[in-house]
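If you want the building blocks of each chain, they are given just below.
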Amino acid sequence: MRNARTLALIPLGLTGLFFLVALLAARSHALSPVLLSEAVTAKVIDAIGCFAAAFAFERTDYLRRTWALLGADMVILLVRDVTLIAAVQQGLGWTHMDLVRSILVLSANAAGVVGMALLARAWTVAGIDDERSRLERWSLVAVGVAIAFIATAWPLTHDLSQALRGRPFALSAVASDAGDAVSFVLLVPLALTALAMRGGLLLWPWALLTAGGSCWMIYDAMASLGAALGVMDRPRVAMTIEVFRWLACTLLDRKSTRLNSSH
């Protein structure tokens, strides 16, 4: 149990290190490359964690395909990031690059949502008893829906209006917003799974999963608010928002480590 607590502290240490590096970079006016490197590194860590968890299970195990889908989510998003590089875009010469990116983001979010849904259902598949009544469970789900609505309603409405005006680049944003909304709702059953496993070693992977998902929700909400207020170009704002992306991805990596050791 002590080892699990130590592993859980690693994301906080890595996040503190990232913030220190970003702070030094901001003072030397070199923040943009650091943030770009952080975004890519975070997704790579996320993907490695997911696939490490997937291969810890047998090919026919329920959780193997679950973690593989979550890893595919990050890999597809990394491919999308590659298409953002000017030299790559010029080399490919695609005239419908915005559409290609939208398809990639839609595919990534589909994989992520299905993976999260399978994880949220894992406690039912495993036959874990839930002491809460049906009313209590649905009340908690309603709270999750309300929080997801608050976090994603504005960006989803804004991006959808842009897409309806014929702007292809907005399609990827709509797909991302919709995927986020569903994923945030699914945090409720994940949190209930963690609570059902309290007192045991398996509490840690589910608790870290819930914490990582919560950090994604905070990241998306802050990024949307920052864009609406036009403050995303401020170094301190950008650094603070990226901290939550880094936390979300490194929590996933620690979570998969616990899954591997528990298997």
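Our structure's up above, just so we're on the same page.
Residues numbered from 1 in each chain as written. Predicted model: local features only at pLDDT ≥ 70, side-chain atom pairs only at ≥ 80, totals over all residues. Heavy atoms only, no water.

(A) Spatial organisation of the overall build of the chain. The helix and strand tally for the chain stands at 10 helices and 0 strands. Helices and strands in the chain line up, N terminus first, as α-α-α-α-α-α-α-α-α-α. Residues counted as buried form 45% of the 263 residues belonging to the chain. Counted over contacts in the chain with a minimum sequence separation of 6, partners at least 24 positions apart contribute 74%. (Helix = DSSP H or I, 4+ residues; strand = E, 2+ residues; numbered from the N terminus. Buried < 20%, exposed > 50% of the residue type's maximum accessible area, 1.4 Å probe, protein only. Contact = heavy atoms within 4.5 Å.)

(B) Region of interest: the packing of helix 2 (residues 31-54) against helix 3 (residues 62-83). Across the interface, helix 2 lies against helix 3 with an axial gap of 8 Å and an inter-helix angle of 155°. Taken together, helix 2 and helix 3 sit at an angle that is classed as roughly antiparallel. Crossing geometry of helix 2 relative to helix 3 is assigned as left-handed. Across the interface between the two elements, Val40, Lys43, Val44, Asp46, Ala47, Cys50, Phe51, Ala53 and Ala54 from helix 2 touch Arg64, Trp67, Ala68, Leu70, Gly71, Ala72, Met74, Val75, Leu77, Leu78, Arg80 and Asp81 from helix 3. Looking at side-chain class alone, the contact of helix 2 with helix 3 contains 15 nonpolar, 1 polar and 5 charged residues. (Axes fitted to C-alpha atoms, helices over the stretch in contact; angles between N-to-C directions. Parallel < 35°, antiparallel > 145°, perpendicular 65-115°, else oblique. Left-handed = near helix turned anticlockwise from the far one by under 90°. Nonpolar A, V, L, I, M, F, W, Y, C, P; charged D, E, K, R; others polar.)

(C) How the structure looks around the nonpolar core. By size, the foremost hydrophobic cluster in this structure holds 24 residues, and its most contacted members are Leu63, Trp67, Leu119, Leu190 and Trp206. Elements supplying a minimum of two residues to this core: helix 2, helix 3, helix 5 (97-125), helix 6 (134-164), helix 8 (187-196) and helix 9 (203-229). Per-element tally for this core: the top contributor is helix 5, with 5 residues. Counting residues in each nonpolar core, the second largest holds 21 residues, with Leu35, Leu208, Tyr219 and Phe244 among its members. (Core = buried A, V, L, I, M, F, W, Y, C linked by side-chain atoms within 4.5 Å.)

(D) Looking closely at the pattern of salt bridges. For the coordinates displayed, the defined rule picks out 4 salt bridges. Measuring nitrogen to oxygen at the nearest pair gives 4.0 Å for the salt bridge that ties Arg245 to Glu38. Residue Arg245 is located in helix 10 (residues 235-262), and its partner Glu38 is located in helix 2; the two are separated by 207 residues in the primary sequence. Assessed through its relative accessible area of 10%, Arg245 is described here as buried. Salt bridges linked by common partners bring Glu38, Glu242 and Arg245 together as one network. (Salt bridge = Lys/Arg side-chain N within 4 Å of Asp/Glu carboxyl O.)

All we've got here are geometric facts, nothing functional implied.
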